[in-house]
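# Summary of the model geometry
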Amino acid sequence: MSFDFDAVVVGAGAVGLACGRALSKRGLTVLVLEKEGHIGQGVSSRNSEVIHGGLYYPTGSLKAQFCVAGRRALYDFLTSHKVDHWKCGKLVVATQESEVDRIEAIFEQATANGVEGLEHLTGAQARALEPELNAHAAILSPESGLFDSHGYMLALQGEIEDAGGSVVVSAPFEGADPLTGGGFNVRVGGEGAMTVTSRLLVTAPGLSSQAVAASIAGYPAVDIPARHLGKGVYFRLVGKAPFNRLIYPPPIPGALGTHYRKDLGGQAVFGPDLVYVETEDYSVDPTKADGFAAYIRRFWPGLPDGALTPDYAGIRPKLHGAGEPQPDFQLHGREHHGIDGLMALFGIESPGLTSSLAIGEAVAARLTSDDG
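None of the values given here were measured: they were computed from a predicted structure.

What follows covers the nonpolar core. Membership of the largest hydrophobic core comes to 44 residues, with the highest contact counts inside it found for L17, Y152, L345 and V363. Only strand 1 (5-10), helix 1 (14-25), strand 2 (30-33), helix 2 (62-80), helix 5 (149-162), strand 12 (194-203), strand 20 (342-346) and helix 9 (352-370) provide two or more residues apiece to this core. It is helix 9 that provides the largest number of residues to this core, a total of 8 residues. Ignoring anything within four residues of it in the chain, the contact list for Y152 reads A14, A18, L74, F77, L78, V83, F147, S356 and L357. Of all hydrophobic cores here, the second largest spans 28 residues; its members include L237, A289, I296 and A307.

Laid out in structure tokens, this is it:
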């Protein structure tokens, strides 16, 4: 039978758009659906905009593979599309002797993951690079950086549309029904509510991943992982940015922890922390400033009193709760849910933004090699 589209992608964040781009590059007609009024309004717009090197993730995991491959592809993409970015480098800092073993373990993990250019630094060498830093020892990752994530997503959208595809906003996905013989009826809400047919279906809607999967007829509930909301808030510095490079203390359980960046506008931002919440609440409690300040002074003793102001919050689509081991990205194809032509993504949090081009290529390769 003929279909309206070769592929429908649910979610116009960085990962959904990267999936749409990868499918478009293979000559497929693509429709990307976004429930919000603009692209990239969810997880993709509430993060650190950091290009991760790939240091932390278990060797062989999807996070390790996609982060390293995605980061390499991302720099090329940003350069070729003239999207603002800065390969500023990162220092992973041991602020005292007791943290040295932890950063050494990160160095070994990163080396096993194929991260390029890593260096051990003494405290004196780290301070030579960043004089205001408190460091007993450090690791330098020169491949880490920052970028304009919205400019990146606009460039992805442009490639999809240049290939004849469409990115439609204010168009919530309301469900899908697998068709006999393959393909899907996809129900689209909003003012232009309609039903379209598609041979392939990709779901990459971030925080809505579980709800979207549950709205696909025949999708086994047992294959839908539990959703946990990991909220992190950010504070901005009033005053001159103290460091040029990204500054990361050793990770905390379940996340990379509160770190420092000098954003593309030259301002210093600290965050995120991690608190599990029940609802999508993006408020920032200003009373957290004192706790942030105490944490930051471990690596920047010169932080002035009262210099932090509340900035913004993000919520990450985690698949683990507090105290539980952090799982890998989950890309569920036919071998999971038994539905031909469907790829459902879950738990695409950090380093999902850095990994997005590699995730898109992996999804497109799997769907076009065997239709799911």
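What follows picks up the thread again.
A few words on the environment of S98. Among the secondary structure elements, S98 is positioned in the loop between strand 5 (90-94) and helix 3 (100-112). As for S98 and H136, which are separated by 38 residues in sequence, their C-alpha atoms are 9.5 Å apart.

The description of two helices packed together rests on the angle between their axes and the distance between the axes. Packing of helix 2 against helix 5 brings their axes to within 11 Å, and their N-to-C directions diverge by 80°. Classified by the interaxial angle, the pair formed by helix 2 and helix 5 is roughly perpendicular. When helix 2 is examined against helix 5, the residues L74, F77 and L78 are found in contact with a partner set consisting of Y152, A155, L156 and E159.

This paragraph deals with the sheet that holds strand 8 (residues 145-147). Spatially, 3 strands are ordered 3-8-4 in an open sheet, and the strand pairing comes out antiparallel. Bordering the open sheet on either side are strand 3 (50-51) and strand 4 (85-86), each of which pairs with just one other strand. Here 2 bridges tie strand 3 to strand 8, and the two strands are oriented antiparallel to one another. Residue pairing in the sheet places V50 in a bridge with L146 of strand 8.

The rules behind each value
- Residues numbered from 1 in each chain as written.
- Predicted model: local features only at pLDDT ≥ 70, side-chain atom pairs only at ≥ 80, totals over all residues.
- Heavy atoms only, no water.
- Core = buried A, V, L, I, M, F, W, Y, C linked by side-chain atoms within 4.5 Å.
- Buried < 20%, exposed > 50% of the residue type's maximum accessible area, 1.4 Å probe, protein only.
- Helix = DSSP H or I, 4+ residues; strand = E, 2+ residues; numbered from the N terminus.
- Contact = heavy atoms within 4.5 Å.
- Axes fitted to C-alpha atoms, helices over the stretch in contact; angles between N-to-C directions.
- Parallel < 35°, antiparallel > 145°, perpendicular 65-115°, else oblique.
- Pairing = 2+ DSSP bridges.

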